[in-house]
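Observations on the three-dimensional arrangement
Take a look at the letters that make up each chain.
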Amino acid sequence: MRVAIFFSAILLFVLAVALLPMSGPAEAVTKSGEPIVVRSAHGVIPTVQALEASLRRRGVSTVVKVEQSASATLVLFADPHHTADASARALDALDLPLRALVYMEGDFVSIAYDDPKALVKRHGLSADEAAAAGRAVAAVVAEAAGS
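Residues numbered from 1 in each chain as written. Predicted model: local features only at pLDDT ≥ 70, side-chain atom pairs only at ≥ 80, totals over all residues. Heavy atoms only, no water.

1. Some details on the overall build of the protein
- From N to C terminus, the protein includes four helices and six strands.
- The N-to-C order of helical and strand elements in the protein reads α-β-β-α-β-β-β-β-α-α.
- Counting over 147 residues, the protein shows a buried share of 39%.
- In the protein, the proportion of contacts linking residues at least 24 apart, taken out of those at least 6 apart, comes to 65%.
- Carbon together with sulfur atoms contributes 60% to the accessible area of the protein, which is approximately 8000 Å² in total. (Helix = DSSP H or I, 4+ residues; strand = E, 2+ residues; numbered from the N terminus. Buried < 20%, exposed > 50% of the residue type's maximum accessible area, 1.4 Å probe, protein only. Contact = heavy atoms within 4.5 Å. Areas by Shrake-Rupley, 256 points an atom, 1.4 Å probe, with all protein chains shown as cover.)

Structure (structure tokens):
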């Protein structure tokens, strides 16, 4: 049951990728086990607005937006039609809703998010489902970053 719920949460992203025009990959900087970081072409506030707009176009809601400072905002998001229910494993709440951090470090604004492949492994999904989720989230972030 928990696998189905988690998969449903990322399914919308997978479907959205199929509808996007193909473009070059975003500049992603990551090490194994660390969050994926993509540089944005915009400031913090415009990047957050673009991220929320990109999610809305795919039917995904911003659950909460935590403005940690003028240079960092945490955005939690989920598909309102595919949220975990009370029968789901309690630890699933560590990963759901999904989240992205928009922050300024030095002269650059970046978007950081957990690699969906690592999250999916924790929830027992297949390698194909993990790869599709990774492409989907990367597409949303790349669109928001202006890549």
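2. Observations regarding the side chain of Glu 52
- Tracing the chain through its elements places Glu 52 in helix H2 (residues 44–57).
- A polar side-chain atom of Glu 52 sits 3.2 Å from a polar atom in the side chain of Thr 62.
- Discounting residues that sit within four places of it in the chain, Glu 52 has contacts with Thr 62 and Lys 65. (Polar contact = N/O pair within 3.5 Å; in protein donor to acceptor, adjacent residues only side chain to side chain.)

3. Observations regarding the pairing of strand E2 (residues 36–40)
- Here E2 lies mainly inside the structure; four of its five residues are buried.
- Of the pairings in the sheet, the one linking E2 to strand E6 (residues 108–113) comprises five bridges and is antiparallel in character. Residue pairing in the sheet places Val 38 in a bridge with Ile 111 of E6. (Pairing = 2+ DSSP bridges.)

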